[in-house]
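Structural features, examined
Read off the chains here:
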Amino acid sequence: MIIQPYDDGIALARALAVRVCAAIEERPHLVLGLPTGRTPLQFYEQLRGRSREQCADWSRVRTFNLDEFVAVAPGAAGRYRAYMQRELFDHVNLAPGHIGFLQGDAPDLDAECARYEQAIADAGGLDLIVLGIGTNGHIGFNEPGPSLEARTHRTRLLPPTRASNRALFDDRMEQVPAEALSMGMATILHARQVVLIATGATKVSAVAQLMTGPITTELPASFLQLHPDATVMVDAAASPR
Ligand code: GLP
């Protein structure tokens, strides 16, 4: 695992945008896994700020987002799909049919998870996935616990995770969904390249444990130690000393 430290979040976001754009340039059919949360906001801003000449053409790229809440109304601003439209999809020439997203309002959620796994496999698997990290070490919505799910699944959110997503729901905890759908750990670990980004002092402990702690289901991000091509990009505040 490689750790790349940056002075601040902007420098990190710029470097990540350069890496993703270079990957698209090299492989126009890139299959890209994407995160939500506060951490990637500057990265998406960097991508939006690039002209089509500066950043490769997105017309053949396929994306798959990591996760989505269950049972959030289609128009609700807190939906991750709405976040992605605002932050990236409305601003690049990505074909709507190339956007992979979990439907948290699907009538049969188990079938929806199976559909998503198959869609990723049919696309040839993920070439590159960008991940954030929760303060409790979760990635996507793979929460700490006695076991982890390998594949895309339905999951209950832990209180700290619901609290950190509160801002998306008018800061009202009671509005934050109790459940979500998420890519599983094996889905994530099968990506050919993984980049985890972490900024701010609240992440320093999770980053330290993920880098050097034991590989444990109690810190899902620690499984990245097993990946042959994983990079952890951190700003100064999140950097373990
Ligand atoms: C959510 C998302 C994760 C994200 C995490 C951290 O729970 N499901 O994918 O990494 O929050 O969010 P933030 O970047 O806001 O700290």
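Residues numbered from 1 in each chain as written. Predicted model: local features only at pLDDT ≥ 70, side-chain atom pairs only at ≥ 80, totals over all residues. Heavy atoms only, no water.

1. Describing the site of the ligand
The immediate surroundings of the ligand are formed by 13 residues, with Arg38, Thr39, Asp67, His138 and Lys203 found nearest. Arg38 places a polar main-chain atom, nitrogen or oxygen, 2.7 Å from an oxygen atom of the ligand. In the environment of the ligand, an oxygen atom lies 2.6 Å from a nitrogen or oxygen atom belonging to the side chain of Lys203. For the ligand, the protein covers 97% of the area, taking 390 Å² as the surface of the free molecule. (Near = heavy atom within 4 Å. Polar contact = N/O pair within 3.5 Å; in protein donor to acceptor, adjacent residues only side chain to side chain. Areas by Shrake-Rupley, 256 points an atom, 1.4 Å probe, with all protein chains shown as cover.)

2. Here's the deal with the pairing of strand β6 (residues 128-131)
Side chains Leu128 and Val130 project from β6 onto one buried face, and the interleaved Ile129 and Leu131 project onto a second face that is buried too. Across four bridges, β6 lies against strand β9 (residues 193-198) in parallel orientation. Pairing of Leu128 across the sheet is with Gln193, part of β9. (Buried < 20%, exposed > 50% of the residue type's maximum accessible area, 1.4 Å probe, protein only. Helix = DSSP H or I, 4+ residues; strand = E, 2+ residues; numbered from the N terminus. Pairing = 2+ DSSP bridges.)

3. A short note on the layout of surface pockets
The computed volume of the largest pocket comes to approximately 550 Å³. Looking at the largest pocket, it is lined by 30 residues, and the ones nearest its centre are Thr36, Gly37, Arg38, Ser164 and Asn165. Those elements that place two or more of their residues in the lining of the largest pocket are α3 (80-87) and α5 (159-164). When residues in the lining of the largest pocket are grouped by element, the largest group, four residues, is from α3. For the lining of the largest pocket, the residue count by class is eleven nonpolar, 14 polar and five charged. In this model, the second largest pocket occupies a volume close to 160 Å³. Along the wall of the second largest pocket there are 14 residues; nearest its centre are Glu143, Ser147, Glu149, His153 and Thr155. A per-class count over the lining of the second largest pocket returns five nonpolar, five polar and four charged. (1 Å grid on protein atoms, 1.4 Å probe; cavity = no way out; pocket = protein on both sides within 12 Å on 5 of 7 lines; lining within 4 Å. Points joined across faces, edges and corners; volume = space filled by probe spheres on them. Nonpolar A, V, L, I, M, F, W, Y, C, P; charged D, E, K, R; others polar.)

4. Quick look at the nonpolar core
What tends to happen in soluble globular proteins is that the nonpolar side chains get buried as a cluster. Counting residues in hydrophobic clusters, the biggest one holds 40 residues, and the most contacted among them are Val20, Phe43, Leu47, Trp58 and Leu88. Within the residue set of this core, elements represented by two or more residues are α1 (9-26), β2 (31-34), α2 (41-48), α3, β6 and β9. Counting residues per element, this core draws most heavily on α1, which supplies eight residues. Contacts of Leu47, omitting those with residues within four sequence positions, involve Ala17, Cys21, Cys55, Trp58 and Leu88. Judged by nonpolar contacts, the second largest core, of 34 residues, contains Ile129, Val207, Leu224 and Val232. (Core = buried A, V, L, I, M, F, W, Y, C linked by side-chain atoms within 4.5 Å. Contact = heavy atoms within 4.5 Å.)

5. Considerations on the environment of Ile2
Mapped onto the secondary structure, Ile2 falls in strand β1 (residues 2-6). With sequence-adjacent residues up to four places away left out, Ile2 is seen in contact with Ala230, Thr231 and Val232.

6. Describing the pairing of strand β8 (residues 179-182)
Side chains of β8 alternate between two faces, with Glu179 and Leu181 and Ala180 and Ser182 buried alike. The sheet contact formed by strand β4 (residues 67-69) and β8 spans three bridges and is antiparallel. By the bridge assignment, Asp67 is partnered in β8 with Ser182. Relative to β8, strand β7 (residues 153-156) runs antiparallel, the two being bridged by four bridges. Bridge pairing links Arg156 to Glu179 in β8.

7. Some details on the sheet that holds β7
Strand order in the open sheet formed by three strands is β4-β8-β7, with antiparallel pairing between adjacent strands. The open sheet is flanked by β4 and β7, the only strands paired with a single partner. Each strand axis lies, on average, 30° off the axis of its neighbour in the sheet, ignoring direction. (Axes fitted to C-alpha atoms, helices over the stretch in contact; angles between N-to-C directions.)

8. Looking at the packing of aromatic side chains
Aromatic ring pairs: the centre-centre distance and the angle between the two ring planes describe each pair. Per the counting criterion, the structure on display carries eight aromatic pairs. Ring geometry for Phe69 versus Phe169: centroids 5.3 Å apart, planes at 80°, classification edge-to-face. Within this pair, whereas Phe69 is found in strand β4, its partner Phe169 is found in the loop between α5 and β8, the two being separated by 100 residues in sequence. The exposure class of Phe69 is buried, given its relative accessible area of 1%. A centroid spacing of 5.8 Å and a plane angle of 10° characterise the contact between Tyr80 and Phe141, whose relative ring orientation is stacked. Of the two residues, Tyr80 sits in helix α3 while Phe141 sits in the loop between β6 and β7, which places them 61 residues apart along the sequence. Judged on exposure class, the residue Tyr80 and its partner Phe141 are both buried. Three or more aromatic residues joined by ring pairs make a cluster, and in this case those are Phe69, Tyr80, Phe141 and Phe169. (Phe/Tyr/Trp six-rings, centres within 6.5 Å; stacked < 30°, edge-to-face > 60°.)

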